[in-house]
Amino acid sequence: MEQSIVDVSNLSRTFGDKAALDDVSFRATAGQVYGLVGSNGAGKTTLLKHLLGLLRAASGSVRVFGLDPVRDPVGVLGRVGYLSEERELPEWMRIDELMRYTQAYHQTWDAAYARELLETFALDPAKKVKDLSKGMRAQAGLIVAVAHRPALLILDEPSSGLDAVVRRDILDAIVRAVADDGRTVIFSSHLLDEVERMSDHVTLMHQGRVTLSGALDEVRRQYQRSRVHFAENFVQPPVLETALLIEGGGRAWSVVHSGAPEKFRQSVLARGGEVVESRDATLEEIFMARAGRSRQQMEAA
Amino acid sequence: MTRNSPIAAMLWENWRLTRVEAAQRLAVGIVAASAALSLANPNLGPTVAFWTLITVHSMIWLSIAKLNGGRFMDGYKPGFAFYLLYTRPVRTITFVAVAMAYDAISCTLLYVASAAIVNHAFGQSLPVFSVTLALVSYHLAYACCQWATRNRAVQWLGAIAFSIPMIILLRNGLTASLQVELSAVENIVFILIGVASFVLTVAGVARQRRGDAVATASQPRAVSGAYPNWLINAFRLPCPSASATRAQLWFELRSSGLPVLTIGLVVALVIFLAVAIGAPVAVARNVAIPIAMFAVIVAVFGLGNNAFGIRRKQGRIYASAFESTLPCRTAQLAGLKVLVRTACLLFALIVIGACLWASSSFLNSWGEWLADGNKDALPDLLKLRQKFSREFGNLTGYAQAALAVIAAILVAAVVAWQAAREALRARFPRLLLAWQWLPPLWVLAFILLSVAAKHSTVLSPATVHTFFLASFWTSSAAILLAAIYLLWNGIRERVLTIRDVCAAMLVPAALGIAWFTGMPAPSVTGMLWLVLLTLMIGFLAPWSLSRVRHT
């Protein structure tokens, strides 16, 4: 069994009456990129903050490199690079001071790599953080997070504020380089195409719970999108086995379904229809189907 | 005005923000005025009580000022506090009028209520309604200075420039029977000040709302929990990258230590100049003495505040994620922050003290100082100077060194306590609020007992003494238990190591040595209390930072 870099077991956390995390388990191994997806308030940032020790585990356990990040912050944070969602950096520092300051905390700081990234982003080292735009601040934060070549890179909404070119070319390249180096990346994002493009593993969170988790290819194989035609008109969506999301009307329906395709085909046949076309579902379709299903379950409860 | 009108919503917002502070101010004002009336000289008591109430209720609402991102020069975003209203479909004049009216009227009403209660309880005749016009116009003028501009220099110099003449005007209107009698002209002046302040504020806020003010003042910035950038960037020290401790020292020095030192030096210079100017300009003496008297206290509590750099933003109190994710032990981080701030503050205090002493030599050339308009207070000041010189000169070298050690430890304890308090406020706001009520309640109980003992045959001064002793031992026991709990919890959660505990033990050791080498301590029990308190604060500071770092 591969050694876990991150091991979260049955983690729960409430803020007042609201359950931010509810019995969450999550595991990450070396050399992989993990994407956390979910709607606003799903618990992605809360989970990442637990990994950094910024939040204490109310129940359950969090281990990063086998250590408790709250009890041993030096052991954990010394090997972690973190880009926060707020891009919080000391406003009064110049970029070169920020680099030197961060370097002091990390023996593994790669000055050449930091310089290279500064040049790639065309950031002026003499510029103060307070004078940077939101995107430039994200770039500075990203350099500080990756230049010490951390064993675990945690990125909270890394694309926020970055333009399309930086996002697609540079961020992807950085993340891929980290993973190819045998290190681990965990990032959260609202952009499903980005998660699909960058991750090896995907974890879908909804209302504080992990509703889906696994290797991206495996997850995609588990879900299919099929176009079905029925002989008769349906006013309401037809009830089909393993179906998670049904869209359309009349005789033509588009269905996202999980499980064995044969079972689904039999179900369609039983209602006088036929499967016209089937393909692996996209992450967005899976997300919509799972999130919608969770909402329905909540409403039913 | 319907229930859902914007004005009702804005008034509700103001009330929601200030209700706790209003209760605090009411309590603090009444307790402090009662203390002045009970404990001070009967001739002086009512005057002190009056000025105490005026001081408490002439301040702008701090709960509203905090919307700007923090306290003075601490992550502060200058300008109109309700800047979130800029995007609401409300005219500028409306929200400025609501904010200014609420500030002025609510604070004045609190004064009226406090003065009426104190008058009723003590049979006094402190001015109640006669000061309302002065208080309202003072509030309007102060709000104008703070809200109409984003320029800090204009804000604070403006506030000083109008405050002093207004206080003098109020003082001149105070009669011997402690009533405020203002002439028609003075009343008109106050009214004009109020109207002009409102007009200026509306104009200034309108400029800020449409973005014109940005070009002429510093850019509003995100809350950084630090001193202004121009002050921080006045010191260009290269960041060491060889060790994390050195880098953190550099961070603390640049972000807060050296700015604190600079402000201390400026305060010292201001004291020196104010006292020196007092020789040829008699009016300046009324400014110089209060500045000199309160400089040390204001420096310790103002410049020694929030050493952990806890941030505030629109009611949210939090620690910087950047600093929280540094690979550094919490106790080490807390220790470095407190040590750097203490060292810089101590240096500033030494300079302020030296300037106070040097400038006091100018007092001889003043001739006279009519503090209350009649009696020359200069001989008393000169006697005080001589007494201080004699007392300090009579101390042995050991005793002087011991006093220096004690002073340094006390300053460090105040800095650590204030840092811990801010961290606890972020984590346990309600609990801290409840605990903050204990000292004023204790003072109130003490005053009530003292007054009762004076006027009743049932209670004797011995009862008051017993109450005092019981309070002393109860607080000592509570502090001891808190210290033990914090030590146990700190070690259990690995916030504290044995090394940290040994370092914390150096404080009582230093206090003990200072005591044995001739420190003029009040008693063994007093010394024990001081040792326990500093030890408890020593454990509390890292624990509180840990609580806010790992929420």
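Predicted, not measured: the structure shown is a model, and the values here were computed from it.

**Some remarks on the overall build of chain B**
Step number 1: Helix and strand counts for chain B stand at 19 helices and 2 strands.
Step number 2: Against the 2.2 N^0.38 benchmark of 24 Å for 551 residues, chain B shows a C-alpha radius of gyration of 25 Å, consistent with a compact globule.
Step number 3: Principal axes of the C-alpha set define a box for chain B whose edges measure 70 × 60 × 55 Å.
Step number 4: In chain B, which comprises 551 residues, the share counted as buried stands at 47%.
Step number 5: In chain B, once contacts between residues fewer than 6 apart in sequence are set aside, the share between residues at least 24 apart is 75%.
Step number 6: Put simply, chain B shows about 26400 Å² of open surface, and 72% of that area lies on carbon and sulfur atoms.

**Some details on the pattern of salt bridges**
Step number 1: A complete count under the given rule lists 24 salt bridges over all chains for this structure.
Step number 2: Across the pair Arg265(A) and Glu262(A) runs a salt bridge whose closest N-O atoms are separated by 4.0 Å. With Arg265(A) and Glu262(A) both in helix 9 (residues 261–270), this residue pair falls 3 residues apart, about one helical turn.
Step number 3: Arg265(A) gets classed as partly exposed once you look at its relative accessible area, which sits at 35%.
Step number 4: Classification of Glu262(A) as partly exposed rests on a relative accessible area of 45%.
Step number 5: With a closest N to O distance of 3.7 Å, Glu422(B) and Arg421(B) form a salt bridge. Side by side, Glu422(B) and Arg421(B) carry an identical accessibility label, which is buried.
Step number 6: Through salt bridges that share partners, Arg56(A), Arg492(B), Glu493(B) and Arg547(B) make up one connected network.

**Examining the side chain of Asn119(B)**
Residue and element names in this part refer to chain B.
Step number 1: Inspection of the secondary structure assignment puts asparagine 119 in helix 4 (residues 92–122).
Step number 2: For asparagine 119, a relative accessible area of 13% gives the class buried.
Step number 3: A distance of 2.8 Å separates a polar side-chain atom of asparagine 119 from the backbone nitrogen of leucine 126.
Step number 4: Not counting residues within four places of it along the chain, the set of residues in contact with asparagine 119 comprises Gln124, Ser125, Leu126 and Val128.

**Some thoughts on the sheet that holds strand 10 (residues 223–234) of chain A**
All names here are of chain A.
Step number 1: As summarised here, the arrangement of the 3 strands in space is 11-10-12, forming an open sheet in which the pairing is antiparallel. Each having just a single partner strand, strand 11 (243–258) and strand 12 (273–280) make up the two edges of the open sheet. Within the sheet, the average angular offset between the axes of one strand and its neighbour, ignoring direction, is 25°.
Step number 2: Pairing of strand 10 with strand 12, which is carried by 7 bridges, proceeds in the antiparallel orientation. Note that in strand 12 the partner of glutamine 224 across the bridge is aspartate 280.
Step number 3: Set on the sheet, helix 9 makes contact with strand 10, strand 11 and strand 12; between it and strand 12 the angle comes to about 155°.

**Observations regarding the domain arrangement of chain A**
Residues and elements named next belong to chain A.
Step number 1: The domain architecture assigned to chain A consists of domain 1 (4–219) and domain 2 (222–291).
Step number 2: Each of domain 1 and domain 2 has a C-alpha centre, and these two points are 36 Å apart.
Step number 3: At the interface, 13 residues of domain 1 touch 9 residues of domain 2.
Step number 4: Summing both sides of the interface, domain 1 and domain 2 together bury roughly 1000 Å²; the carbon and sulfur share of this comes to 70%.
Step number 5: At the boundary of domain 1 with domain 2, the tally comes to 0 salt bridges.
Step number 6: Seen at the junction of domain 1 and domain 2, the total is 4 residue pairs in polar contact (both at pLDDT 80 or more).
Step number 7: Only helix 7 (192–198), strand 8 (201–206), strand 9 (209–215) and helix 8 (216–222) provide two or more residues apiece to the side of domain 1 that touches domain 2.
Step number 8: Looking at the side of domain 1 that touches domain 2 residue by residue, the class counts come to 7 nonpolar, 4 polar and 2 charged.

**Quick look at the state of the cysteines**
All names here are of chain B.
Step number 1: Taken as a whole, this structure holds 0 disulfides over all chains when the rule is applied.
Step number 2: Here cysteine 144 stays free of any disulfide, with the sulfur of cysteine 145 as its closest cysteine sulfur at 5.5 Å.
Step number 3: On the accessibility criterion, cysteine 144 (10% relative accessible area) is buried.
Step number 4: Considering cysteine sulfurs only, cysteine 344 is the nearest to cysteine 355, which forms no disulfide, with 17 Å between them.

**Side note on the interface of chain B and chain A**
Step number 1: Contact residues are listed per partner, giving 39 residues for chain B and 31 residues for chain A.
Step number 2: Here chain B packs against chain A, burying approximately 3300 Å² in sum over the two surfaces, 57% of which is carbon and sulfur.
Step number 3: Considering only the side of chain B, the residues that lose the most area to chain A are Phe322(B), Pro327(B) and His550(B), jointly responsible for 21% of the buried surface there.
Step number 4: Where chain B touches chain A, the interface holds 2 salt bridges.
Step number 5: Note that Arg56(A) is salt-bridged to Glu493(B), the shortest N-O span being 3.5 Å.
Step number 6: Scanning the region where chain B abuts chain A turns up 14 residue pairs in polar contact (both at pLDDT 80 or more).
Step number 7: Looking at the side of chain B that touches chain A, the elements with two or more residues in it are helix 8 (229–232), helix 9 (244–278), helix 11 (321–324) and helix 19 (524–549) of chain B.
Step number 8: With 7 residues, the single largest contributor to the side of chain B that touches chain A is helix 9 of chain B.

Scoring rules and cut-offs
- Residues numbered from 1 in each chain as written.
- Chains lettered and ligands numbered in written order.
- Predicted model: local features only at pLDDT ≥ 70, side-chain atom pairs only at ≥ 80, totals over all residues.
- Heavy atoms only, no water.
- Helix = DSSP H or I, 4+ residues; strand = E, 2+ residues; numbered from the N terminus.
- Rg over C-alpha atoms; globule rule 2.2 N^0.38 Å.
- Buried < 20%, exposed > 50% of the residue type's maximum accessible area, 1.4 Å probe, protein only.
- Contact = heavy atoms within 4.5 Å.
- Areas by Shrake-Rupley, 256 points an atom, 1.4 Å probe, with all protein chains shown as cover.
- Salt bridge = Lys/Arg side-chain N within 4 Å of Asp/Glu carboxyl O.
- Polar contact = N/O pair within 3.5 Å; in protein donor to acceptor, adjacent residues only side chain to side chain.
- Pairing = 2+ DSSP bridges.
- Axes fitted to C-alpha atoms, helices over the stretch in contact; angles between N-to-C directions.
- Domains from an automatic or database assignment.
- Buried area = accessible area lost by both parts, 1.4 Å probe.
- Nonpolar A, V, L, I, M, F, W, Y, C, P; charged D, E, K, R; others polar.
- Disulfide = S-S within 2.5 Å.

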